[in-house]
Amino acid sequence: MAGNGAQAAKAVFAAFQPLRGKPNFFEVARNLPNFGVGSKIKRNAWEGDNCYWTVTKIHPDKDGRHGKAWGVLTWAGAAQEKQSKIPGTLKRIWSPLSNTPFVAVPERVEPASSQPAEPTEPAEPSN
């Protein structure tokens, strides 16, 4: 019986494996100018370039992979009148619109330590 549970768990895990390499909303936005504000981002399942979110405000967490985002939804070429919170931002189903500029951003590098350098030996007095 225990083998059946393990096989079922493996099958469920395998079903989600293809999603691992795809970016969530914030991973897409952090590679765009101004962290995606003003950019057009769409769900991968939306066909064509006439359905997308125009990002108006974004509050990313420190890790750059989570947070909250707001925008104006354009559906079938018609934009909504006001901004709303973008749902499903953590799902791995997002990509920039084909004509959106993409800027490669290096991974976050920790700043150098602010500790002073180790003291060096004093120079010999010249007498």
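Before going into details, it helps to say that this report is about the structure given with it. Given the structure is predicted, the values throughout are model-derived calculations rather than measurements.

Topic: the overall build of the protein
Check the secondary structure of the protein and you find 2 helices and 6 strands. In sequence order, the secondary structure elements of the protein are arranged as α-α-β-β-β-β-β-β. In the protein, buried positions account for 25% of the 127 residues. In the protein, the proportion of contacts linking residues at least 24 apart, taken out of those at least 6 apart, comes to 53%. For the protein, the accessible area works out to roughly 9400 Å², and carbon and sulfur atoms hold 57% of it.

With respect to the packing of aromatic side chains
For any pair of aromatic rings, the description rests on two quantities: the centre-to-centre distance and the angle between the ring planes. Per the stated rule, a full pass over the model turns up 3 aromatic pairs. Aromatic side chains F25 and F26 sit 5.6 Å apart centroid to centroid with 80 degrees between the ring planes, which places their arrangement in the edge-to-face category. One aromatic cluster is present, built from ring pairs that chain together F25, F26 and W94. A cation sits over an aromatic face here: K57 above W70, 4.4 Å from the ring centre.

Let's talk about the environment of S98
Structurally, S98 can be placed in the segment after strand 6 (94–96). By relative accessible area, which is 60% here, S98 ends up exposed. It is 7.4 Å that separates the C-alpha atoms of S98 and D49, two residues lying 49 residues apart in sequence.

Focus: the nonpolar core
The tendency in soluble globular proteins is for nonpolar side chains to be buried side by side. Counting 15 residues, the largest nonpolar core has F25, I41, W53, I58, A69, I86 and W94 as its most contacted members. Mapped by element, the contributors of at least two residues to this core are helix 2 (25–29), strand 2 (52–60) and strand 3 (67–75). With 4 residues, the top contributor of residues to this core is helix 2. Those residues in contact with I86 that sit more than four places away from it in its chain are F25, W53, A69, W70, G71 and W94.

What counts and what doesn't
- Residues numbered from 1 in each chain as written.
- Predicted model: local features only at pLDDT ≥ 70, side-chain atom pairs only at ≥ 80, totals over all residues.
- Heavy atoms only, no water.
- Helix = DSSP H or I, 4+ residues; strand = E, 2+ residues; numbered from the N terminus.
- Buried < 20%, exposed > 50% of the residue type's maximum accessible area, 1.4 Å probe, protein only.
- Contact = heavy atoms within 4.5 Å.
- Areas by Shrake-Rupley, 256 points an atom, 1.4 Å probe, with all protein chains shown as cover.
- Phe/Tyr/Trp six-rings, centres within 6.5 Å; stacked < 30°, edge-to-face > 60°.
- Lys NZ or Arg CZ within 6 Å of the ring centre and 35° of its normal.
- Core = buried A, V, L, I, M, F, W, Y, C linked by side-chain atoms within 4.5 Å.

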